[in-house]
There are 2 protein chains.
Amino acid sequence: MTQRQPLAPDMFDELCPSSLVPFRFGDKWAALVLRCLEDGPRRFSELRVPLHRATPKVLTRSLRTLQRDGLITRTSHPHPDLRVEYALTPLGRSMLTPLNAACAWAADHWEELLTARESYEAP
Amino acid sequence: MTQRQPLAPDMFDELCPSSLVPFRFGDKWAALVLRCLEDGPRRFSELRVPLHRATPKVLTRSLRTLQRDGLITRTSHPHPDLRVEYALTPLGRSMLTPLNAACAWAADHWEELLTARESYEAP
DNA sequence: CAGAATCCGTTTAGATACTG
DNA sequence: CAGTATCTAAACGGATTCTG
């Protein structure tokens, strides 16, 4: 069984500094989705909690693209009630390595980026 | 003095497999620009050779954004004739580490991505 | 040389409402 | 629950033309 950690919504807020850093893996939400799945499969509604800024439409598109590229799987259980689970494939999990490296760089350097932006805006 | 290696245009073609991989650092050209500057400063016209798919407008925008974020510098030498050089800052150079890690992942896995896409399109 | 200006089609994202 | 449908606005990207 997969131990489900609670997801931390704070990290996924648009105001989070890491969102200001020029990394985009795929579309706007793809990287966040992959990281949400790091600790195990998640239902659509579970993903919506930390990714509350994403409307169902854009989240669905992100999920479809990731599925198309073989990075995640989509498993539907119609019984007893509709239940859809998304999970990382081995390929998707392997992508977490460079993705997390990028996030670590962002965490280390976002102050410098913000400082540079401010001094560029107001010279 | 900086030893200038010739830039390899092939790597930057839109048809290059790495372009099909879902990594985007900043806008469409940002990552490519950073890699072009890895071996030393480049003039605007020098960048246009390997990045020939980018019009001057979009290339300029990429450069401005990278400059705004403190990843590259822009140095203008008006004499004897107009000459503008772009170079990595230490911050920009530090970003090459995760960037190159992402490119290495892409180089290792792009066949899998393409295979997944094909089997998704034509089930 | 190193861009800026303009026009234009595509893509992306969000809000809102609705459905099997 | 897990989406889809529709509309709108903004961002992105490219082609072309012009300029200090």
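Summarised in this report is the structure supplied together with it. Here the residue numbers are simple positions, counted from 1 along each chain's written sequence. In the order they appear in the text, chains get letters beginning with A and ligands get numbers beginning with 1. Local features in this predicted model are restricted to residues of pLDDT 70 or higher, and side-chain atom pairs are both shown and tallied only at a pLDDT of 80 or more, whereas totals for entire chains, interfaces and linings draw on every residue. Excluded from the side-chain calculation are hydrogens and water; included are all heavy atoms of the structure.

Let us look at the overall build of chain A. Think of it this way: any DSSP run of H or I at least four residues long counts as a helix, any run of E at least two long counts as a strand, and we number them from the N terminus. Each helix and strand in chain A was counted, giving four helices and three strands. For every residue, the accessible area (1.4 Å probe, protein chains only) is compared with the maximum for its type, and the residue is labelled buried under 20%, exposed over 50%, or partly exposed between those bounds. Here chain A, with 123 residues, has 40% of them falling under the buried criterion. Contacts are assigned to residue pairs that have any heavy atoms within 4.5 Å of one another. If you take every contact in chain A between residues at least 6 apart in sequence, the share linking residues at least 24 apart comes to 57%. On chain A, roughly 6,800 Å² of surface is accessible, and the fraction owed to carbon and sulfur atoms is 56%. Method for areas: the Shrake-Rupley scheme with a 1.4 Å probe, in which residue coverage is limited to the protein chains shown.

Below, the discussion takes up the sheet that holds strand S1 (residues 42-43) of chain B. Residue and element names in this part refer to chain B. Strand pairing is assigned whenever DSSP identifies at least 2 bridges connecting the two strands. Sheet architecture is open: three strands sit in the order S1-S3-S2, paired in antiparallel fashion. Looking at strand neighbours, the two that pair on one side only are S1 and strand S2 (72-77), the edges of this open sheet. Across two bridges, the pairing between S1 and strand S3 (residues 83-88) is antiparallel. Paired with Arg42 across the bridge in S3 is Tyr86. Where helices are involved, their axes are fitted lines through C-alpha atoms of the stretch in contact, as for all axes, and angles between N-to-C directions lie from 0 to 180°. Together, S2 and S3 form the strand contacts of helix H3 (residues 56-68), whose direction differs from that of S2 by roughly 115 degrees.

Another point: the environment of Thr60 of chain B. Residue and element names in this part refer to chain B. Tracing the backbone shows Thr60 in helix H3. Classification of Thr60 as partly exposed rests on a relative accessible area of 26%. Along the backbone, Thr60 and Phe44 are 16 residues apart, and their C-alpha atoms lie at a distance of 8.7 Å.

A few words on the sheet that holds strand S1 (residues 42-43) of chain A. Residue and element names in this part refer to chain A. One open sheet accounts for three strands, arranged S1-S3-S2; its pairing is antiparallel. The sheet is open, and its two edges are formed by S1 and strand S2 (72-77), each paired on a single side. Helix H3 (residues 56-68) contacts S2 and strand S3 (83-88) of the sheet and is inclined by roughly 115 degrees relative to S2.

Turning our attention to the packing of aromatic side chains. Working definition: a ring pair exists when centres of Phe, Tyr or Trp rings (six-membered ring for Trp) sit within 6.5 Å. Plane angles under 30 degrees give stacked, over 60 give edge-to-face, the rest tilted. Considering all chains together, one arrives at five aromatic pairs over all chains under this definition. With a centroid separation of 5.4 Å and an interplanar angle of 85 degrees, the aromatic rings of Phe23 of chain A and Trp105 of chain A are classed as edge-to-face. Separated by 82 residues along the polypeptide, Phe23 of chain A in the segment before helix H1 (30-36) and Trp105 of chain A in helix H4 (residues 90-121) bring together distant segments of the chain. A relative accessible area of 5% means that Trp105 of chain A is categorised as buried. Between Phe23 of chain A and Phe25 of chain B, the aromatic rings sit 4.6 Å apart at their centres with planes inclined by 75 degrees, giving edge-to-face as the arrangement. Of the two residues, Phe23 of chain A sits in the segment before H1 while Phe25 of chain B sits in the segment before helix H1 (30-36), which places them in two different chains. Each member of the pair, Phe23 of chain A together with Phe25 of chain B, is buried.

Any residue with at least one heavy atom within 4 Å of a molecule or strand is counted as near it. Taken together, 21 residues surround DNA strand C, and among them Lys28 and Lys57 of chain A together with Ser45, Arg74 and Tyr86 of chain B come closest. Within 4 Å of the protein, atoms of DNA strand C come from sugar and phosphate in 67% of cases. Counted as a polar contact is a pair of N or O atoms within 3.5 Å, where, for protein atoms, one must be capable of donating a hydrogen and the other of accepting one, and residues adjacent in sequence contribute only when both atoms are in side chains. Here Trp29 of chain A contributes a side-chain N or O atom positioned 3.4 Å from a phosphate oxygen of DNA strand C. Within the residue set of the surface near DNA strand C, elements represented by two or more residues are H3 of chain A together with helix H2 (44-48), H3 and S3 of chain B.

Attention now goes to the environment of Cys103 of chain B. Residue and element names in this part refer to chain B. Looking at the element boundaries, Cys103 is found in helix H4 (residues 90-121). For Cys103, a relative accessible area of 25% gives the class partly exposed. As a C-alpha pair, Cys103 and Phe23 span 80 residues in sequence and 8.2 Å in three-dimensional space.

Moving on to the protein's contact with DNA strand D. The environment of DNA strand D is made up of 21 residues, and the closest members are Ser45, Arg74 and Tyr86 of chain A together with Lys28 and Lys57 of chain B. Of everything in DNA strand D that lies within 4 Å of the protein, sugar and phosphate atoms constitute 65%. Measuring from a phosphate oxygen of DNA strand D, one finds a side-chain N or O atom of Tyr86 of chain A at 2.7 Å. Interatomic distance of 2.2 Å between a side-chain N/O atom of Lys57 of chain B and a base oxygen of DNA strand D. When contributions to the surface near DNA strand D are tallied by element, the ones reaching two or more residues are helix H2 (44-48), H3 and S3 of chain A together with H3 of chain B. Residue contributions to the surface near DNA strand D peak at four residues, all from H3 of chain A. Under the convention adopted here, Pro, Cys and the residues Ala, Val, Leu, Ile, Met, Phe, Trp and Tyr are nonpolar, Asp, Glu, Lys and Arg are charged, and Gly plus all remaining residues are polar. Each residue belonging to the surface near DNA strand D can be placed in one class, and the counts come to eight nonpolar, three polar and 10 charged.

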